[in-house]
Amino acid sequence: MGLYRDQGVVLRTVKLGEADRIVNILSQSRGKIRAVAKGVRKPGSRNGSRLEPTSHVMFQCYEGRELDVVTQVETVDAFRHLRDDYASLTSALAMVEATDQVAQERAANQPLYQMLVRALRTLDEQRAPLVASAFFWKLLSLEGFHPMLEHCAGCGRAEPDGGFDVLDLEAGGVLCQTCAGPFPRRVEPDVLAMVQRMLGGDLRRVLAEPDSPLVRDVERLALDALEHHVERRLRSAPLLASLHGRQGHWNDAAGGGPHPSIGIPVEVGSSRSEALEP
Ligand SMILES: [Zn+2]
């Protein structure tokens, strides 16, 4: 039991008693930690404003048996642009929720930590409707669920002309007509192709995609796969879905958030577009 210092991303906060919070942080060196932050709900608490979900912080804690105790917090990056944009913030909150579901307590996971920080940075720098979807697929891949998309997951048959159109999460990938059961889940070949590009090194261009029905379908599939893996619904799922379409926040110029004029800026040539690579 001792004092330690680490950096991490705040995943979740829960009220505790009158003035405290329990904070889940994905730390760089210790994996997920759960710590009590005392007095952070008192008016004017500086640590309280620093310990918001999605914030990247440097912190100091006393180790406890069940819960650690936060003694100091400094902001590394508050991701202010992301926080000022409803759609980006919604995506970021979905990513930290997914991370909270998957991360093991007190078990360092550097690839996950790096991937989360880079994904948040990407969202802070550009409005990219597919960041959360790409993050979910890469999270699953890190977890050992890397969907088989080039060959039938049942018999190994190569991709037919026109592509596969059945995905079976239980089987771990696409299925050919022979292997597909009586009630196959049809997925548009375009959607599967997009997932393949995300996982196959074409992330930069994928992140440049503006919102579209295809983007919405890719996101729905990514959410389904994630929820299948963690065996529960993501609280953020309905909010994510509401971002799409003509009235959605990715597109709604009138009430879409503080940056209505920028639309979906894309900087294809920038290095940060590969930001999700672990
Ligand atoms: Zn097959």
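Analysis parameters
Throughout, residues of each chain are indexed from 1 in the direction in which the sequence is written. Per-residue local features are limited, in this predicted model, to residues with pLDDT of at least 70; the limit for side-chain atom pairs, both in listing and counting, is 80 or more; totals at the level of whole chains, interfaces and linings are taken over all residues. In this description a helix means any DSSP run of H or I spanning at least four residues, a strand means any run of E spanning at least two, and both kinds are numbered starting from the N terminus. Put plainly, a residue is buried at 20 or more neighbouring C-beta atoms within 10 Å of its own, exposed at 12 or fewer, and partly exposed in between, counting only other residues' C-beta atoms, which are placed from the backbone. Contact between two residues is assigned when their C-beta atoms, built from the backbone, lie within 7 Å. The directions from the helix axis to the C-beta atoms are what the arc is built from. Any two strands are treated as partners once DSSP identifies two or more bridges connecting them. Every axis corresponds to a line fitted to the C-alpha atoms, with the helix fit spanning only the stretch in contact, and the corresponding angles, defined between N-to-C directions, vary from 0 to 180 degrees. Note on terminology: angles under 35 degrees are roughly parallel, angles over 145 are roughly antiparallel, angles of 65 to 115 are roughly perpendicular, and the others are oblique. Left-handed is the label given to a crossing in which the near helix is rotated counterclockwise from the far helix by less than a right angle, and right-handed is the label when the rotation is clockwise. Here the nonpolar group is Ala, Val, Leu, Ile, Met, Phe, Trp, Tyr, Cys and Pro; Asp, Glu, Lys and Arg are the charged ones; every other residue, Gly included, is treated as polar. Each nonpolar core consists of buried Ala, Val, Leu, Ile, Met, Phe, Trp, Tyr and Cys residues. Their C-beta atoms, within 7 Å, join them into a set. The domain limits used here are those given by an automatic or database domain assignment. Multiplying one less than the number of residues by 1.5 Å gives the expected span of a helix.

Some details on the overall build of the protein chain
Looking only at helices and strands, the protein chain has nine helices and seven strands in total. Burial status across the protein chain gives 39% buried among its 278 residues. In the protein chain, once contacts between residues fewer than 6 apart in sequence are set aside, the share between residues at least 24 apart is 62%.

So, helix α6 (residues 189–199)
Within the span of α6, buried status applies to V191, L192, M194, V195 and M198. Viewed along the axis of α6, the buried residues span an arc of 155 degrees, placing them on a single side of the element. Buried residues along α6 sit in contact with α5 (131–142), β6 (167–168), β7 (173–174), α7 (203–207) and α8 (213–230). Looking one or two residues beyond α6, the residue adopting positive phi is G201, at roughly 95 degrees.

Some details on unusual backbone geometry
The phi dihedral of F79 falls on the positive side, at around 50 degrees, and the residue is not glycine. Relative to the elements of secondary structure, F79 occurs in the loop between β5 (68–77) and α2 (80–83). Residue classification places F79 among the buried residues on the basis of 23 C-beta atoms within 10 Å.

Quick look at the environment of R127
Mapping R127 onto the fold places it in the loop between α4 (110–125) and α5. Classification of R127 by C-beta neighbours within 10 Å gives buried; the count is 24. Considering only alpha carbons, one finds R127 and E209, 82 residues apart in sequence, at a separation of 10.0 Å.

Some thoughts on the pairing of strand β3 (residues 31–37)
Where strand β2 (residues 20–27) meets β3, seven bridges bridge the pair, whose relative direction is antiparallel. Paired with R21 across the strands is A37, a residue of β3. What sits between the antiparallel neighbours β2 and β3 is a turn of three residues. One ladder, built from two bridges, connects β3 with β5; its direction is parallel. The residue bridging A35 from the neighbouring strand is D68, located in β5.

Let's talk about the packing of α5 against α6
Taken N-terminus to C-terminus, the directions of α5 and α6 make an angle of 65 degrees; their axes are 10 Å apart at the nearest point. Judged on the interaxial angle alone, α6 and α5 are roughly perpendicular. Judged by the twist between their axes, the crossing of α5 over α6 is right-handed. Across the interface between the two elements, A134, W137 and S141 of α5 pack against V195, M198 and L199 of α6. Among the residues forming the contact of α5 with α6, the class breakdown is five nonpolar, one polar and no charged.

Structural notes on the sheet that holds β3
Read around the closed barrel, five strands run β1-β2-β3-β5-β4, paired in mixed fashion. Across the sheet, the mean angle separating the axes of adjacent strands is 50 degrees when strand polarity is ignored. As defined by bridge partners, strand β1 (residues 3–16) adjoins β2 across eight bridges and the pair is classed as antiparallel. Of the residues in β2, the one forming a bridge with V10 is I25. Contacts from helix α3 (residues 86–102) reach β1 and β2 within the one sheet, and its direction differs from that of β1 by about 105 degrees.

Thoughts on the nonpolar core
If you look at the biggest cluster of nonpolar residues, it comprises 71 residues, and the most contacted ones within it are V9, M95, L116, L120, V131, A134 and F136. Residue contributions to this core reach at least three from each of two domains, namely domain 1 (3–77) and domain 2 (80–147 + 166–274). Excluding its chain neighbours within four sequence positions, the residues that come into contact with L116 are V9, L26, M95 and T99.

Considerations on α8
Compared with the 26 Å implied by 1.5 Å per residue over 18 residues, the 26 Å span of α8 between its first and last C-alpha is a close match. Buried within α8 we find V215, R216, V218, E219, L221, A222, L223 and L226. Of the surrounding elements, those touching the buried residues of α8 are α3, α5, α6 and α9 (237–241). Of the residues one or two after α8, E231 is the one with positive phi, at around 60 degrees.

Let's talk about the packing of α5 against α8
Where α5 contacts α8, the two axes come as close as 9 Å, and the packing angle between them is 35 degrees. Along this stretch, α5 crosses α8, giving a crossing that reads as left-handed. Between α5 and α8, the contacting residues are A132, S133, F136, W137 and L140 on the first element and V218, E219, A222, L223, A225, L226 and H229 on the second. Across the contact of α5 with α8, the residue classes tally to nine nonpolar, two polar and one charged.

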